[in-house]
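Summary of the model geometry
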Amino acid sequence: MIKSVVSNEYQELQKKIAELQEQWKLKLDPEIIRQNLDKAAVEAGVPAAALTAIDFEISLFLQWIDELVALLVKNNPELESKLSGISTLLNEETAILWIEEAFAFNQIYFAAYAAEHGMEEWIPQFLAETALRPYLRLIAEKVQHEINHAVHGAGCPVCGEPVRLAAIVEDGKKVIHCPRCFANWPARRLECAHCGNENHETIYFLEIEGDVTSKIQVCEECNGYIKIIDSRQYITKPPVAFLDLNSIHLDIVAQENGYSSIGKKKTN
Ligand SMILES: [Zn+2]
Ligand SMILES: [Zn+2]
């Protein structure tokens, strides 16, 4: 059994991108974020980021895109011809749209943008999403103390990302982590994060051969899954983004078995 399906080169690149995002976040003034956590909206599962006003400094966002392009090209010079036109294409208006559509996971918008400008499909959404995350992480830091649960099926309570990763911590408790904004919140050990099912007869664990520290919790009620990593194995806890990246093999196994990170309650 190959424990990790992600190449070392890819991991190195992800590490550099994560460092860049951390530097970017540190440049942001926390005062640009004004959250308005309307209780009823939060209880209905509206992500905190959707209830937050952010004073975006668009020139900064554009600069980040340039820095990211430079990093990608340095890492793989073959990308230069594919990425060189981006900075001339991006203006303030487009940047605002990119921020909004990245937040809303609007793949259709980005696919159309790529097609219109003759780019490979992954490029615009990847760039926009990467440069959006420091803002989401800043929001998560600000509201983390108020996040003590999530609404089943609504994804991350801060950014709306589908739930797919949990850690078992020292006291045996389960903590769900969002690799997109780094928010975390507690959950019951035997509980489906997608539909709230707590019936032990319809919640299973898929064990991974040769991997004793992680498993996949699946739910027969909604066909949802979540990866569960026993983080007590680590002396130094790896960043959440790497727990997620290093356990992609679990996502593959779950999806190959017909489970999804967006559970769908069966209607029959
Ligand atoms: Zn999140
Ligand atoms: Zn479920």
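Everything numeric in this text was worked out from a predicted model, so none of it was measured.

Our next topic: the UniProt feature "domain: FdhE C-terminal" (unreviewed entry) in the protein. The UniProt record marks residues 191–261 with the feature "domain: FdhE C-terminal" (unreviewed entry), using the residue numbering of this structure. End-to-end, the C-alpha atoms of residues 191–261 are 14 Å apart, and along that stretch the chain is 21% helix and 30% strand.

On to the environment of Phe 182. Considering the arrangement of structural elements, one finds Phe 182 in the loop between strand E4 (174–177) and strand E5 (184–187). Under the C-beta neighbour-count criterion, Phe 182 is labelled buried, with 20 such atoms within 10 Å. Sequence-wise, Phe 182 and Leu 136 are 46 residues apart; in three dimensions their C-alpha atoms are separated by 8.5 Å. In this structure Phe 182 touches Arg 137, Ala 140 and Val 240, once residues within four positions along its chain are discounted.

Below, the discussion takes up the domain arrangement of the protein. Each assigned domain of the protein is listed with its residue range as follows: domain 1 (8–146) and domain 2 (165–256). Of note, the centres of domain 1 and domain 2, computed from C-alpha atoms alone, are 26 Å apart. At the junction of the two partners, domain 1 supplies nine residues and domain 2 supplies seven residues. Sorting the residues of the side of domain 1 that touches domain 2 by element identifies helix H1 (8–27) and helix H8 (122–143) as the ones contributing at least two each. The leading source of residues in the side of domain 1 that touches domain 2 is H8, at five residues.

Parameters and conventions
Residues numbered from 1 in each chain as written. Chains lettered and ligands numbered in written order. Predicted model: local features only at pLDDT ≥ 70, side-chain atom pairs only at ≥ 80, totals over all residues. UniProt positions renumbered as here; feature names shortened; annotations may be inferred. Helix = DSSP H or I, 4+ residues; strand = E, 2+ residues; numbered from the N terminus. Buried ≥ 20, exposed ≤ 12 C-beta atoms within 10 Å, placed from the backbone. Contact = placed C-beta atoms within 7 Å. Domains from an automatic or database assignment.

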